[in-house]
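Survey of secondary and tertiary structure
Now for the letters of each chain:
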Amino acid sequence: MVTKNDIIGILEEIGVILEIKGENPFKTRAYANAARTLEGLEEDFHTLVAEERLDQVKGIGKAIAEKISRLVNEGDLPYYNDLKASIPPGLLDMLDIPGMGPKKIKAVHKNLNISNIEELKASCEEGKLQILDGFGKKTEEKILKGIQNREAYMARHLWWEAHAIAKPLVEALRELPEVEKAEIAGSLRRKKETVGDLDFLASSGSPAPIMDWFTKRPEVQEVTTKGETKASVRLTGGLQADLRVVPPEQYAFALHHFTGSKEHNVALRSRSLQKGYSLSEWGLKSEKANKAPQNIFSEEDLFEFLGLPLIPPELREGREEIERLEGENPPLLIEESDLKGVFHNHTKASDGQSSLREMAHAAAKMGWEYLGISDHSKASFQADGLNEEKLIRQIAEIREYNASPDRELHLFAGIECDILSDGSLDFEDEVLAECDYVIAAIHSRSGQKGPDETARLIAAMENPLVTMIAHPTGRLLLQREPYDLDHRKIIDAAAGNGVVIEINSHPRRLDMDWRWWRYAREKGVRASINPDAHHSDHFAYTLAGINIARKGWLQREDVINTMGLKDVSDFLRKKMSHD
Ligand code: DGT
Ligand code: CA
Ligand code: CA
């Protein structure tokens, strides 16, 4: 069935194509207006269509109403198909590039005969864009950067999404009778925030049926290569996947090798050489006697042979993990079961989709002792942020919940308070002081004037009522670049002010980045692993946050929400009362 959202998309597209073609602006705008009207429609859309009353809605004219009815009733619209066919298909793709709207697309098409992103990129590189009317050197640079980002983004995938595809695949692989062991390897096993491709490894004495099974999976779109023990495929959705099958005696070495990272492998190989052995995906060989050690059946055995504890895959990034762990016990990294609750969560009161009680119920089902509620503050009007009055009312509701006999866990009353462009907070101190904790967050970039994001975050942390800062860089992985923060200064200020830094576990944020946590930990800064839940289903995101904490070497004591209810209450109260 054609949904309202489909129709909105088509109307928008028609408007854009008309604008690119240089049609009369009234006509162009009529489609955009109709799309906006449908978005805000209060009556049921399909009822309106069925009763032929669409043209009575303000903002939708007769001609457009007819086109919508045709789309709903027949499932297609010749006018739209013809219009689409009348322009080169690559023109619309350019809308994905920041800075490229319909007017600019029209200009580059008309003046430079550019019909797709590749041609646009070439023209930027040759400096041809900046001489067009309405463009300039800055615009050209911005467009080129946008194209480069897009290329980088398309080549990688979020860990969360890749994991959702890889997990059932590896489980199915383990079920095959020929497979002795199977594991996910590569960056996915190292829990990198984004991955280039999926790597699977299996041990078996009869690889042929495994290769057949793998290349004939329903989700396989294209088999790139298929050999006797190696295959590469492209899955629906564009993800590439490699499978290697090795004999059981090689499995430990191959698993270590294909888990990587490359940098870690190089470091371990050189350590192994110092001991007189050459290490490869095939095994260990003695440089002198050409005799291999016989008793290595697991990664643990391999590390032990080299005088190391089992280094968790998350730490194998070639960032001195080998030097740091030499002769040590394996590090006791935080685990998902250590979490006793989370702090950054939204409800229907702002832009969440679940009620307070639904959130509390789902959190109790996670086995947690407490849940913090932190809706947006009023400056985030696009997210329906709460004003002072609504916040005070929500706090009362939370206190009431805690006092009610049917409560399922303890709720903390918090706020995700906007840091305004001058670094001040969206609420006065006396309002913030009513909360159990305050999360300060930036939701819009600094303008040309005024303090930059680093200065704004530091100013916020200097307010003693601020418990923690959320998603410091504002990045959206593969979508939006991070703010250009001075992490060292932010971490130093957090340490100086006793402020916690969030690990935002939303799979697209994973912010603050794992690369900075080792430094933060050394400075004594603690983390709060938060799902930034906008729905009761989103608590599952904490797993992605745990991955990042582990990559950042964090242990249970480094994360405040591993504390039990009593300790964490004391901790929050102490911070709010400035002792
Ligand atoms: P990705 O896929 O870009 O997210 O990152 P990885 O780490 O999964 O890289 P990938 O898929 O190219 O290779 C998987 C692992 O295989 C990699 O982490 C380490 C190992 N490996 C691949 N190529 C090389 C190499 O040229 N040298 C060494 N030492 N190891 C390699
Ligand atoms: Ca990979
Ligand atoms: Ca690979």
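Preceding this paragraph is the structure being described.
Scope of this entry: the structure provided in the associated data block. (Residues numbered from 1 in each chain as written. Chains lettered and ligands numbered in written order. Predicted model: local features only at pLDDT ≥ 70, side-chain atom pairs only at ≥ 80, totals over all residues. Heavy atoms only, no water.)

1. Things to note about the site of ligand 1
- In the vicinity of ligand 1, 16 residues are found, and the nearest of them are Arg156, Ser187, Arg190, Gly196 and Asp197.
- Contacts to ligand 1 include Gly196, whose backbone N or O atom sits 2.7 Å from an oxygen atom.
- Asn265 has a polar side-chain atom sitting 3.5 Å from a nitrogen atom of ligand 1.
- Considered on its own, ligand 1 offers 600 Å² of accessible surface; in the complex 69% of this is hidden by protein.
- When contributions to the shell around ligand 1 are tallied by element, the ones reaching two or more residues are α11 (186-189), α13 (251-259) and α14 (262-274).
- Per-domain counts for the shell around ligand 1 show at least three residues from each of domain 2 (157-246) and domain 3 (250-325). (Near = heavy atom within 4 Å. Polar contact = N/O pair within 3.5 Å; in protein donor to acceptor, adjacent residues only side chain to side chain. Areas by Shrake-Rupley, 256 points an atom, 1.4 Å probe, with all protein chains shown as cover. Helix = DSSP H or I, 4+ residues; strand = E, 2+ residues; numbered from the N terminus. Domains from an automatic or database assignment.)

2. Topic: the coordination of the calcium ion (ligand 3)
- Every protein donor of the calcium ion (ligand 3) is accounted for by Asp197 (OD), Asp197 (OD), Asp199 (OD) and Asp242 (OD), and the metal-donor separations fall at 2.3 to 2.9 Å.
- In the primary structure, the donors to the calcium ion (ligand 3) are separated according to the pattern D-x1-D-x42-D.
- A gap of 3.8 Å separates the calcium ion (ligand 3) and the calcium ion (ligand 2), which Asp197 links by coordinating each metal. You can see Asp199 sitting in strand β4 (residues 198-203) and its partner Asp242 sitting in strand β7 (residues 240-246), a full 43 residues away along the chain.
- The exposure class of Asp199 is buried, given its relative accessible area of 11%. (Donors = N, O, S within 2.8 Å, 3.2 Å for Na, K, Ca; no water. Buried < 20%, exposed > 50% of the residue type's maximum accessible area, 1.4 Å probe, protein only.)

3. Examining the nonpolar core
- By size, the foremost hydrophobic cluster in this structure holds 66 residues, and its most contacted members are Leu371, Leu411, Ile501, Trp517 and Phe539.
- The dominant element in this core, judged by the number of residues it contributes, is helix α17 (residues 356-365), at five residues.
- Contact partners of Leu411, with chain neighbours within four places excluded, come to Leu356, Ala360, Leu371, Ile373, Ile398, Tyr401, Asn402 and Asp436.
- Listed in part, the 48 residues of the second largest apolar core include Ile7, Leu48, Ile87 and Val108. (Core = buried A, V, L, I, M, F, W, Y, C linked by side-chain atoms within 4.5 Å. Contact = heavy atoms within 4.5 Å.)

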